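Examination of the molecular architecture
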Amino acid sequence: MAVEVRIPTVFRKFTGGSGAVEVQPGTVGSLFEQLETRYPDLRGQVRTPDGQLHRFVNVYVNDEDARYLEKLETKVTEGDTVSILPSVAGGQA
Amino acid sequence: MKYKSVLDLVGNTPLVEVPSLCPTPGVRMWVKLEGQNPTGSTKDRIALAMVEAGEASGELTKEKIILEPTSGNTGIALAMVAKTRGYRFTAVLPDNASSERTSLLEAFGAEIISSEGAKGSNGAVALAQKLAADPRYYMPFQYGSQANVEAHYQGTGREILDDLPEVKAFVAGLGTGGTLMGAGRRLKEHDPGIKVVAAEPALGQSVYGLRSLEEGYVPPIFDPDLLDGKVMVKARESILWTRELLQKEGIFAGISAGAVIWVAQRVAERLGDDGGGDIVCLLADGGWKYLSTEAWTEEIDTAEAQVEEVLWW
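The present account deals with the structure reproduced in this document. Quantities reported herein were computed from a predicted structural model and do not represent experimental measurements.

Bringing the overall build of chain B into the picture now. Broken down by element type, chain B carries 10 helices and 10 strands. A compact globule built from 313 residues would reach a C-alpha radius of gyration of about 20 Å, and chain B, at 19 Å, matches this within 12%. Projected onto its principal axes, the C-alpha coordinates of chain B cover approximately 55 × 45 × 40 Å. Burial analysis of chain B (313 residues in total) assigns 59% to the buried set.

Right, let's talk about the environment of I84(A) for a bit. All names here are of chain A. One can find I84 in strand β7 (residues 81–86). Assessed through its relative accessible area of 2%, I84 is described here as buried. When the C-alpha positions of I84 and V59 are compared, they lie 4.6 Å apart, and in sequence the two are 25 residues distant. Those residues in contact with I84 that sit more than four places away from it in its chain are V5, R6, I7, P8, F11, F32, L35, V46, V57 and N58.

What follows deals with helix α9 (residues 256–273) of chain B. The periodicity of an α-helix, 3.6 residues per turn, causes residues three or four places apart in sequence to face the same way. All names here are of chain B. With 18 residues, α9 ought to run about 26 Å at 1.5 Å a step, and its terminal C-alpha atoms sit 27 Å apart, in line with that. Buried residues of α9: S256, A257, G258, A259, V260, I261, V263, A264, Q265, V267, A268 and L271, and no others. Buried positions along α9 lie against β2 (27–33), β7 (169–173), β8 (195–201), β9 (229–233), α8 (235–249) and β10 (277–283). With its phi angle positive at about 100°, G275 sits one or two positions after the end of α9.

The subject of this paragraph is the packing of helix α1 (residues 43–57) of chain B against helix α2 (residues 73–85) of chain B. All names here are of chain B. It is at 8 Å that the axes of α1 and α2 come closest, and there the two elements cross at 50°. Accordingly, the angle class assigned to the pair α1 and α2 is oblique. The way α1 lies across α2 gives a crossing that is right-handed. Contact with α1, carried on its side by K43, D44, I46, A47, L48, M50, V51, E52 and E55, involves N73, T74, A77, L78, M80, V81 and R85 of α2 and no other residues of that element. Class assignment of the residues belonging to the contact of α1 with α2 gives a composition of nine nonpolar, two polar and five charged.

This part is about unusual backbone geometry. Its identity as a non-glycine residue notwithstanding, F141(B) has a phi of 55°, on the positive side. With respect to the secondary-structure elements, F141(B) resides in the loop between β6 (137–138) and α5 (146–163).

On to the packing of aromatic side chains, then. Residue and element names in this part refer to chain B. Across all of its chains, the model carries four aromatic pairs over all chains by this definition. Between F252 and W288, the aromatic rings sit 5.0 Å apart at their centres with planes inclined by 80°, giving edge-to-face as the arrangement. On the criterion of sequence distance, the pair formed by F252 in the loop between α8 and α9 and W288 in the loop between β10 and α10 (300–309) is long-range, its members being 36 residues apart. Given a relative accessible area of 62%, W288 falls into the exposed group.

For the rest of this paragraph, the subject is the pairing of β7(A). All names here are of chain A. For β7, a buried count of six out of six residues is recorded, marking the element as mostly surrounded by other parts of the structure. Neither face of β7 is left uncovered, since the one carrying T81, S83 and L85 and the one carrying V82, I84 and P86 both have all their residues buried. Two elements, strand β1 (residues 3–6) and β7, share three bridges in a ladder whose sense is parallel. Looking at the pairing, E4 lines up with T81 of β7. With five bridges joining them, strand β4 (residues 57–61) and β7 adopt antiparallel strand pairing. Its bridge partner lying in β7, V57 is registered against P86.

Conventions used here
Throughout this description, residue numbers start from 1 for each chain and increase along the sequence as written. Note on labels: chains are lettered from A, ligands numbered from 1, in written order. Owing to the predicted nature of the model, reporting of local features is limited to residues with pLDDT of at least 70; listing and counting of side-chain atom pairs is limited to 80 or more, with chain, interface and lining totals taken over all residues. Water and hydrogen atoms were dropped before computing side-chain values, which therefore reflect all heavy atoms in the structure. Helix and strand labels come from DSSP, where a helix needs a run of H or I of at least four residues and a strand needs a run of E of at least two; each type is numbered from the N terminus. We take the radius of gyration over the C-alpha atoms and set the globule estimate at 2.2 Å times the residue count to the 0.38 power. Burial classes: relative accessible area under 20% of the type maximum marks a residue as buried, over 50% as exposed, and values in between as partly exposed (1.4 Å probe, protein chains only). Between two residues, a contact is recorded if the distance between any of their heavy atoms is within 4.5 Å. Each residue after the first adds 1.5 Å to the expected span of a helix. Convention adopted: a line fitted to C-alpha atoms gives each axis, helices being fitted over their contacting stretch, and angles between N-to-C directions are expressed from 0 to 180 degrees. Roughly parallel here means an angle under 35 degrees, roughly antiparallel means over 145, roughly perpendicular means 65 to 115, and every remaining angle is called oblique. It is the rotation of the near helix from the far one that decides the hand of a crossing: anticlockwise by less than a right angle makes it left-handed, clockwise makes it right-handed. Three classes are used, and their members are as follows: Ala, Val, Leu, Ile, Met, Phe, Trp, Tyr, Cys and Pro are nonpolar, Asp, Glu, Lys and Arg are charged, and the others, Gly among them, are polar. Pairs were defined over the aromatic rings of Phe, Tyr and Trp, the Trp ring being its six-membered one, requiring ring centres within 6.5 Å. Orientation was assigned from the angle between planes: stacked under 30 degrees, edge-to-face over 60, tilted for the rest. The criterion for strand pairing is that DSSP finds at least two bridges linking the strands in question.

Right under this line is the structure:
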């Protein structure tokens, strides 16, 4: 069992069109390192050059925004799903 | 009760306990029924505040047309305020807004300019910003308006503290961020330990299908550091808990209410481990504007599909 990372449409050009990628458990940060090693063009897209999450990107571990968990240190275990989503204007508005 | 104007009915909404939706011992859950506002949503608060702010600054004058990007509720609220104050109003509305929202806007005499539904609220924001370059328009712009935040700071947040000063957590839906920022700041000034948690919708992939990250959008009034948590909720869970709210407590609220209840239950578990206390859930609107989705009457798979076709948040 691995961790599934869901890739939004806007980043699929960096993952060869793939919308879901399997990586090994660890932390959110270690997941991004695995992804960026596999898909070098993804570097600088999800994380800024200094390693922080891009302002317009939200990362969810299952359904919770990792910013409010342990950020890049958030633990991700087998069977979890990590979703990367661009920020969009909310509705109800 | 006598009132001089329908505008005097904005705010001061009731707080109702919903014990059957909160199974955690030691935790009490309350819902603030924003559907009790005159046009049936919390947006009456900000529509009034934004128009008054425009008048006070001198930017909104009688010959101007009020223009606003909206998925419906803010538009309906602005249309009502515009009528009472003698302004014309134009809504920039995604073309997949529910039919009730379109009908209500028309009933209030609003002009509607359609934006591409697949682009969600982002599309309406972008189109309205282009149109607003025309000096005939005055755009309050809820995503960037400090009056939006202030309305919830002076109103929603203060009302919660008046009714329930011992509140330990507050859960509301994230749209412009106005409710969470305004009420959240008021609550944290009262007690920095109060948890402020956002529920947000899991939208269709098409809405996230931006061409580049630079097209991403964070409302200027939204400060992520004020929140203690943010949870994404699917349409299905939102519908199921909106139904439970009606079945178990007799409360008929809009579909985002189910998402707020769902998140509040998780907050309740954590609060239960932490000594218990009271949670306030803000239910942004009543259920009327969603009847055409058959969210309460259809079998769940069909209801989910029909809700996802409209802008349900």
